[in-house]
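Read off the chains here:
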Amino acid sequence: MEAKQSYTPAPRIQPASRTQLQSALRAAWRFRAFYIMLLPGVIYFIIFRYFPMYGVIIAFKEFSIMDGIAGSAWADPWFKHFQAFYESPYFTQLLSNTLLISLYKLVWGTFPPIIVAVLLNECRVRWLKSIVQTLTYMPHFLSWVIIFGILLTLFSQNGGLVNRWIVEAGGTSIPFLTSTDYFRSILVGSEVWQNLGWGAIIYLAAMAGIDPTLYEAAKVDGASRLRMVWHITLPGIRSIIILLFVLKLGHLLDAGFDQIYILYNIQVYLVADILDTWVYRTGLQQLNFSLASAVGLFKSVIGLILVLGANRIAKKWGEGIW
Amino acid sequence: MKKMNSVLLTVSLLAALLAGCAGGNNNPANTSNAPSDTAAPSNDGPEKTGEASGKQIKLEIIETGNNLPAPDKDIIKQELDKALNIDLNLTVYPSGDDYKNQLNVRMASGNFPDLFMVDRQQLIQFSKQGLLLDLTPYLDKLQQTVDFIGEESVKKGTVDGKVFAVSKSPQIPYQTYWIRKDWLDKLQLPVPATIEELAKTAEAFTTGDPDGNGKPDTFGLTGGKLNAFAPVFGAFGVGMPGNFYEKDGAIVNALYDPAMKDALTFIQQMVATGSVDPELLANSGLQHSEKAIKGQAGIVYLDWPNLTKEQMVEQIKTVNPNAEWLQIAPPSGPAGQNDGTWDIGATPGRYAIPKALEKDPEKLQRVFDLLNYISNPDGGSMLVQFGVKDTHYTLENGVPKMTDKASEVGYSWLYQFTGRPEMEYLQAKFALQSEYIKFASEQPRIESLGGFIDNPEGYNPADADRYIEEEFAKFIYNKRPISEYDAFIGTLESTMNYKALLDSASEQLKALGYGG
Amino acid sequence: MVKGWDDKLFNGVVYTVLGLCGLAAILPILYVVSVSLTPFGEVLRNGGFILIPREITFSAYRTLLTESNIPKAFQITVLITVIGTAVNLVLTGLMAYPLSRRNLPARNFFLLMIVFTLLFSGGLIPTYLVVKSMGLLDSIWAMILPNAVWSFNVLIMKSFFEGLPEELFESARMDGAKEFRILLQIVTPLSIPVLLTVGLFYLVGHWNEFFQAIFYVTDRTLFPLQVVVREILMQSQQPLENAENMLPTQTMQMASVMIASLPVIVVYPFLQKHFTKGMLLGSIKG
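Structure report, in brief. (Residues numbered from 1 in each chain as written. Chains lettered and ligands numbered in written order. Predicted model: local features only at pLDDT ≥ 70, side-chain atom pairs only at ≥ 80, totals over all residues. Heavy atoms only, no water.)

**Some words on the overall build of chain A**
A count of helices and strands for chain A gives 16 helices and two strands. The C-alpha radius of gyration of chain A comes to 26 Å, more than 25% above the 20 Å expected for a compact globule of 322 residues. Dimensions along the principal axes, computed over C-alpha positions, put chain A at roughly 90 × 70 × 30 Å. Put simply, chain A has 322 residues, and 56% of those count as buried. Long-range contacts, defined here as pairs at least 24 residues apart, represent 61% of the contacts in chain A between residues at least 6 apart. (Helix = DSSP H or I, 4+ residues; strand = E, 2+ residues; numbered from the N terminus. Rg over C-alpha atoms; globule rule 2.2 N^0.38 Å. Buried < 20%, exposed > 50% of the residue type's maximum accessible area, 1.4 Å probe, protein only. Contact = heavy atoms within 4.5 Å.)

**With respect to the overall build of chain C**
The helix and strand tally for chain C stands at 14 helices and zero strands. Along chain C, helices (α) and strands (β) appear in the sequence α-α-α-α-α-α-α-α-α-α-α-α-α-α when read from the amino end. Over its C-alpha trace chain C gives a radius of gyration of 24 Å, far above what one expects of a compact globule, namely 19 Å for 286 residues. Seen along its three principal axes, the alpha-carbon backbone of chain C occupies a region of about 75 × 70 × 30 Å. Expressed as a percentage of its 286 residues, the buried residues of chain C come to 61%. Considering only intrachain contacts with a sequence separation of at least 6, the fraction spanning at least 24 residues in chain C is 73%. Positive and negative charge centroids in chain C, built from 19 and 17 side chains respectively, lie 6 Å apart. (Lys, Arg positive; Asp, Glu negative; His and termini not counted. Charge placed at Lys NZ, Arg CZ, Asp CG, Glu CD.)

**Here we look at helix 10 (residues 192–207) of chain C**
Between its first and last C-alpha atoms helix 10 of chain C spans 21 Å; for 16 residues at 1.5 Å apiece the expected length is 22 Å, and the two agree. A large share of helix 10 of chain C lies buried, amounting to 13 of its 16 residues. (Expected span 1.5 Å × (residues − 1).)

**Describing empty space enclosed by the protein**
This model, assessed by the stated rule, comprises seven cavities of 30 Å³ or more. Computed from the structure, the largest cavity encloses a volume of approximately 610 Å³. Along the wall of the largest cavity there are 35 residues; nearest its centre are A:Leu152, B:Leu286, B:Gln287, B:Glu290 and C:Gln250. Elements represented by at least two residues in the lining of the largest cavity include exactly helix 7 (144–155) of chain A, helix 11 (287–293) and helix 13 (310–319) of chain B together with helix 13 (250–272) of chain C. Among the elements that take part in the lining of the largest cavity, helix 7 of chain A stands out by supplying six residues, more than any other. Grouping the constituent residues of the lining of the largest cavity by class yields 12 nonpolar, 20 polar and three charged. Quantified by volume, the second largest cavity comes out at close to 70 Å³. Lining of the second largest cavity is provided by B:Val92, B:Tyr93, B:Pro94, B:Asp98, C:Phe210, C:Ile214, C:Phe223, C:Val227, C:Arg230 and C:Glu231. Looking at the lining of the second largest cavity, the elements with two or more residues in it are strand 2 (86–93) of chain B together with helix 12 (225–235) of chain C. A total of three residues in the lining of the second largest cavity trace back to one element, the largest contributor, which is helix 12 of chain C. Within the lining of the second largest cavity, the residues separate by chemical class into seven nonpolar, no polar and three charged. (1 Å grid on protein atoms, 1.4 Å probe; cavity = no way out; pocket = protein on both sides within 12 Å on 5 of 7 lines; lining within 4 Å. Points joined across faces, edges and corners; volume = space filled by probe spheres on them. Nonpolar A, V, L, I, M, F, W, Y, C, P; charged D, E, K, R; others polar.)

**A short note on the pairing of strand 8 (residues 219–223) of chain B**
Put simply, side chains in a regular strand alternate between the two faces of the sheet. Residues and elements named next belong to chain B. Counting buried residues along strand 8, five of its five residues qualify, which places the element largely inside the surrounding structure. Pairing geometry for strand 8 and strand 11 (residues 297–303), over four bridges, is parallel. Within strand 11, the position partnered with Gly223 by the bridge is Tyr301. (Pairing = 2+ DSSP bridges.)

**Details of the pattern of salt bridges**
A side chain with one charge can pair with a side chain of the opposite charge if their charged atoms come near. All names here are of chain B. Applying the stated rule across the entire model yields 38 salt bridges over all chains. Across the salt bridge formed by Arg106 and Glu60, the nearest N and O atoms sit 2.9 Å from each other. In this pair, Arg106 is assigned in helix 3 (residues 96–108) and Glu60 in strand 1 (residues 57–64), connecting sequence segments 46 residues apart. We note that Arg106, like Glu60, is buried. (Salt bridge = Lys/Arg side-chain N within 4 Å of Asp/Glu carboxyl O.)

**A short note on the packing of aromatic side chains**
With the rule as written, the count across this model stands at 56 aromatic pairs over all chains. Their ring planes at 65° and their centres at 5.6 Å tell us that A:Phe85 and A:Phe298 sit as a pair that is edge-to-face. On the criterion of sequence distance, the pair formed by A:Phe85 in helix 4 (residues 80–86) and A:Phe298 in helix 16 (residues 289–316) is long-range, its members being 213 residues apart. Connected via pairs of aromatic rings, a cluster forms that spans A:Phe31, A:Phe34, C:Tyr97, C:Phe161 and C:Phe169. Between the NZ or CZ atom of B:Arg466 and the centre of the ring of A:Tyr90, over which it lies, the distance is 4.0 Å. Its guanidinium or amino end placed over the ring of C:Phe169, C:Arg101 lies 3.9 Å from that ring's centre, counting from NZ or CZ. (Phe/Tyr/Trp six-rings, centres within 6.5 Å; stacked < 30°, edge-to-face > 60°. Lys NZ or Arg CZ within 6 Å of the ring centre and 35° of its normal.)

**A closer look at the sheet that holds strand 2 of chain B**
Residue and element names in this part refer to chain B. An order of 2-1-3-14-6 is seen for the five strands of this open sheet, with the pairing classed as mixed. Each edge of the open sheet is held by one strand with a lone partner, namely strand 2 and strand 6 (165–167). The average angle at which neighbouring strand axes cross in this sheet is 25°, direction not considered. Strand direction decides the pairing type here: strand 6 and strand 14 (residues 350–352), joined by three bridges, are antiparallel. Within strand 14, the position partnered with Val166 by the bridge is Tyr351. The strands that helix 3 touches are strand 1, strand 2 and strand 3 (115–118); relative to strand 1, the one it contacts most, it runs at about 135°. (Axes fitted to C-alpha atoms, helices over the stretch in contact; angles between N-to-C directions.)

**Let's talk about the interface of chain B and chain A**
Interface size, as often reported, equals the accessible area lost upon joining of the parts. Each partner contributes to the interface: chain B provides 40 residues, whereas chain A provides 39 residues. Among the residues of chain B in contact with chain A, B:Gln129, B:Glu279 and B:Arg466 are the three that bury the most area, contributing 20% of the side total. Viewed at the interface, chain A and chain B are joined by one salt bridge. Applying the counting rule to chain B against chain A returns 10 residue pairs in polar contact (both at pLDDT 80 or more). Going through the elements one at a time, helix 3, helix 4 (120–128), helix 11 and helix 18 (461–476) of chain B are the ones with two or more residues in the side of chain B that touches chain A. Looking at the side of chain B that touches chain A, its residues break down into 17 nonpolar, 13 polar and 10 charged. (Buried area = accessible area lost by both parts, 1.4 Å probe. Polar contact = N/O pair within 3.5 Å; in protein donor to acceptor, adjacent residues only side chain to side chain.)

**Quick notes on the interface of chain C and chain A**
Counting residues at the interface gives 96 residues for chain C and 96 residues for chain A. Counting each side, the surface lost to burial between chain C and chain A is near 8600 Å², with a carbon and sulfur contribution of 78%. Where chain C meets chain A, there are one salt bridge. The partner of C:Asp7 in a salt bridge is A:Arg225, with the nearest N and O atoms 3.3 Å apart. Counting across the interface, chain C meets chain A through 17 residue pairs in polar contact (both at pLDDT 80 or more). No other element matches helix 1 (residues 2–37) of chain C, which puts 17 residues into the side of chain C that touches chain A. In terms of residue class, the side of chain C that touches chain A is built from 65 nonpolar, 22 polar and nine charged.

The structure is reproduced here in structure tokens:
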């Protein structure tokens, strides 16, 4: 595996008599302080994250609560629950809805926070910066139930503020929340709105780490601020942008259950029903754990493939996660 | 490993310190094995040592609900504890989903509550997996409870002839059409008595500016999704889409009822006039009642509490002091009058006891004691209905009357595990709404049988329901002509396996003696 | 000067766009605040929309603070947040620092191990069994330990640590400084922005603690804030089953949201100024 590459850089020249293993161990011994640091975290991961992972086999079993995970009978055929999912008349629609909504959110969820962070970083008026930063951070704390209430007040077809304006201006009211034409935009828009300031935080932190002498040098060279943003700020946060993007790719098949579940209605299922909402209606409400687990596993495997692939590409730019 | 243990030890010590009463048990739970093997029910915390009075037993109960106060302010709990020498620990979950998840993990881990709410689906699954205590042999010990809930309710907790749950005594219907009397007066319209008049009134409410503000900002009818039309379906003698009911001695599914197309056509025409809430099918929670109170809609299909309780009346009057809501009988149609359907197989709640409790007869007896006590009109039934006598209610000629302190125990319904005598209870508790309560309960309704039917294997109700709802939306909004109704049924049978449900349902209902 | 012109235009764009963003955020927030302060009947009379309350009442706040479980839940939440965030930061820092050393043997193994958990999880039941077998049920630790380290935050912190100049470590190592001391005395002070950012993520995560609470805790006195708030919010989404159920009005809902989020919102402006403190880095290096 790739891990081997990093065994070698131990700086000392290795006498020929030593085997590879010995030298690896020796190198590791030099890093013992680091391993001790890692220990508590690794123990945590083993106990709380890895130990429960045997639970994924539910996807291949007829899970019975009484018999437990290990004791339940195997599904016959082993892919039975995957098949049930695949054979749903809505399978293709669910998958394409999930991918589309998720891709929109990926694009719209990535760039606006970066832009806001750059603008905040460039803002020379302290109070404005502080106020805007705090204001845009606040929507993150509103749950979807509340945001749904706000959306209704704004976009409801009867009595929504926007539609009142439209009608008063002589137009006809628009069914923003019940029409397949607008619903995805509402989903993406409300999510971008909710996370604009919250998403910018991490980029701001990254910008704080940029060496200020770079800006000073550029200023001496007479570079415009736009140029500095392009040549110093953005490259300075490049690694964090890539990191976040790669990690988000891993969740490409999560299009945002909480949000959609609260906002959708029967008239927009066509464009809004996603894997998770379907699993919820089919699996959890009917106590079908195995089905839910199978879909979860499917999503995870796709996510893993995407992350591995993206990391490989990122590595070419020297920004791989590992 | 040693290090880890000591870390864990420190951690749990700290936990105990911080939490004060942290009662987490430290028995190394036998994780993957059958939960019934873990002999000692693992959920009893540290025994209360304070009271000297022998064996106080801790009972844990979980259910859905809300607004339960903290134990030290929970008068009902304290009274029950005193009466039965128990330490009752009730936990309620406001979201049904959270509750379901909680119950499932606890069942899976053998950490059983002593009494818990189950829905029909859970009742079937858990009982088939041997997790629930078969109450049949104990019924004589539960005589008081059985008398209280009635034989019909006992049946509702039965799976394959065995009683696995205690069902609450049945509810009564709350919903009717409500109409703005002041709007009718302003437009000089009579109270609609037929569905044609209903449609005309709705249209007049939309175009006739009934609120007199000069703006076209009102509409006729709203309600929670298709329920808004429940009495209209009823007027055609049709149940709500998907309902099963008896008609002329045979079992019918509403989708196959020949009158369904007529009902749909009528509704479609009514919607086409623009007199129905355009977001009808998106109304979740209480959005429709809000629209009614706001003065947007003039007719609403709603339960009496949401228009007549003091809090609501106050809101209505703040919005418009002249607003007057009138409760009306279902408008008549080709098949007479029916205020929608009423599921006679449904129950407001079922409670089950884990099989593991079998091994702890003393505790089991206390659970029975509790159920019997709250079912005893001379015992705790009054307590969980109305609170403490002479504090929260007084008895006048045997009729309970609420005092002004009654609101202190507004949550007491959370302890009504066996239900309550619905009509008497509501009459006492909601004296001001007494007329509305009677009116709603007396309206004729189609008796639907859905509560008796369990879904067969190979039928995915989630997909079928979605398909039915989606296509109905299309029919109603004229996005699909009703002439294609038969094609819709065809797809439902071929793609959604609806036939499986139909066959299984009629079999199950016949076994119960329905459909001749 | 041409440059001045440029600068003005640039500033103009910056201020305009930021102003618009601020406006987009403030209007809905104002709505939430206003509704929380207005009697609900009054809200309905205005068609459900109010930006500036004409008639102010604190009754919703008073009810929540005196009659609900909120005050107790507030204490629990503060406790979880303080202890939890401290535990999180220590563990995360201890993991992120070694992993930021590119020459650490088996580094990729550990990194993959972390990334993997971002994608795969065993699910509810097995995790519950672990928590139960450790005896954590019904204690505040059940709301802290199962999420003691977020993979995401380790990766973020590691990525920041990687940005620290190599020379720093080399000179320290020549001093014979032990790794723990390097982490504590050199890396930490230079990483204030990321520590605050990750700390904020953890803090907000604990503040919004809900999921673990409803699974691992049944003792009502240990419920954190969001469980209580969600109880108030969820009721409006549920069909009415009981006549006696008093549905919380929108006024009450908004007030509960305000009470629950105000403390974390107030924290933020105090953290903001420290995001620029990372500037120290340049001076040390120079």
